[in-house]
Amino acid sequence: MKARVPNGMGKGPSNNMNQMLKQAQKMQDQITALQADLEQREFKGTAGGGVVEVTINGKRNVLDLKIAPEIVNPEEIEDLQDLVKAAFNAAVDNLDEISDAEMQKLTGGVSFPGLF
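The rules behind each value
Residues numbered from 1 in each chain as written. Predicted model: local features only at pLDDT ≥ 70, side-chain atom pairs only at ≥ 80, totals over all residues. Heavy atoms only, no water. Helix = DSSP H or I, 4+ residues; strand = E, 2+ residues; numbered from the N terminus. Buried < 20%, exposed > 50% of the residue type's maximum accessible area, 1.4 Å probe, protein only. Contact = heavy atoms within 4.5 Å. Areas by Shrake-Rupley, 256 points an atom, 1.4 Å probe, with all protein chains shown as cover. Expected span 1.5 Å × (residues − 1). Core = buried A, V, L, I, M, F, W, Y, C linked by side-chain atoms within 4.5 Å. Pairing = 2+ DSSP bridges. Axes fitted to C-alpha atoms, helices over the stretch in contact; angles between N-to-C directions.

Caption draft 1: The arrangement of the overall build of the protein chain in detail. From N to C terminus, the protein chain includes two helices and three strands. Each helix (α) and strand (β) of the protein chain, taken in turn from the N terminus, gives the series α-β-β-β-α. For the protein chain, with 116 residues in total, the buried portion stands at 20%. Within the protein chain, residue pairs in contact and separated by at least 24 positions form 50% of the contacts whose partners lie at least 6 positions apart. With the model as given, the accessible surface of the protein chain reaches about 8700 Å², and the carbon-plus-sulfur share is 52%.

Structure below.
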């Protein structure tokens, strides 16, 4: 003889766990899609009041580098190198800022160690 479970019983914790797993999978899929989207975007950084501009993608690869001709002076090459580094770092900061903001929107501010 089989035991009968009253209606509404037996679906509690197991059903809640399944729902949580579905929500976690959905969020993981959204995070993966966001990361793919960010990799396709371009981020700009400037230095020296705009005389050096670096454009990177979400993978932190340099796509474009613009240097205003008026600042190119062979005697001040170290200054130019510093400006290029500063512009690149500004572009990375821009990427990180946008990435963090998008992730906050997606996760509601909840951090998931190991995921991001």
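Caption draft 2: Quick peek at helix α2 (residues 77-107). Taking 1.5 Å of rise per residue, 31 residues should cover 45 Å, and α2 covers 45 Å from first to last C-alpha, within 8% of that figure. When α2 is considered as a whole, its buried residues turn out to be Leu80, Ala87, Ala91, Val92, Leu95, Ser99, Met103 and Thr107. Looking one or two residues beyond α2, the residue adopting positive phi is Gly108, at roughly 65°.

Caption draft 3: Spatial organisation of the nonpolar core. Phe43, Val52, Ile56 and Ala87 are the most contacted members of the largest nonpolar core, which totals 16 residues. At the level of elements, α1 (12-40), β1 (42-47), β2 (52-57) and α2 are the ones that each hand at least two residues to this core. Per-element accounting of this core gives the leading share, six residues, to α2. Setting aside its immediate chain neighbours within four residues, Ile56 contacts Arg41, Glu42, Phe43, Asn61, Val62, Leu63, Phe88, Ala91, Val92 and Leu95.

Caption draft 4: Main features of the sheet that holds strand β3 (residues 62-67). Strand order in the open sheet formed by three strands is β1-β2-β3, and the pairing between neighbours is antiparallel. Each of the sheet's edge strands pairs with one partner strand only, and the pair in question is β1 and β3. The mean inter-strand angle of the sheet, taken between neighbouring strand axes irrespective of direction, is 15°. Inspection of the sheet shows β2 paired to β3 by five bridges, in the antiparallel sense. What sits directly across from Thr55, in β3, is Asp64. In this fold α2 packs onto β1, β2 and β3, with an angle of close to 140° to the strand it touches most, β1.

Caption draft 5: Region of interest: the pairing of β1. A one-sided burial pattern is seen for β1, the buried positions being Phe43, Gly45 and Ala47 and the unburied ones Glu42, Lys44 and Thr46. The pairing of β1 with β2 spans six bridges and is antiparallel. Across the sheet, the residue bridging to Thr46 is Glu53, located in β2. With antiparallel pairing between neighbouring strands as the criterion, β1 and β2 make up a hairpin whose turn holds four residues, including Gly48 at a positive phi of roughly 65°.

Caption draft 6: Region of the structure containing unusual backbone geometry. Even without glycine at this site, Arg60 takes up a positive phi of about 70°. With respect to the secondary-structure elements, Arg60 resides in the loop between β2 and β3. Arg60 gets classed as partly exposed once you look at its relative accessible area, which sits at 39%.

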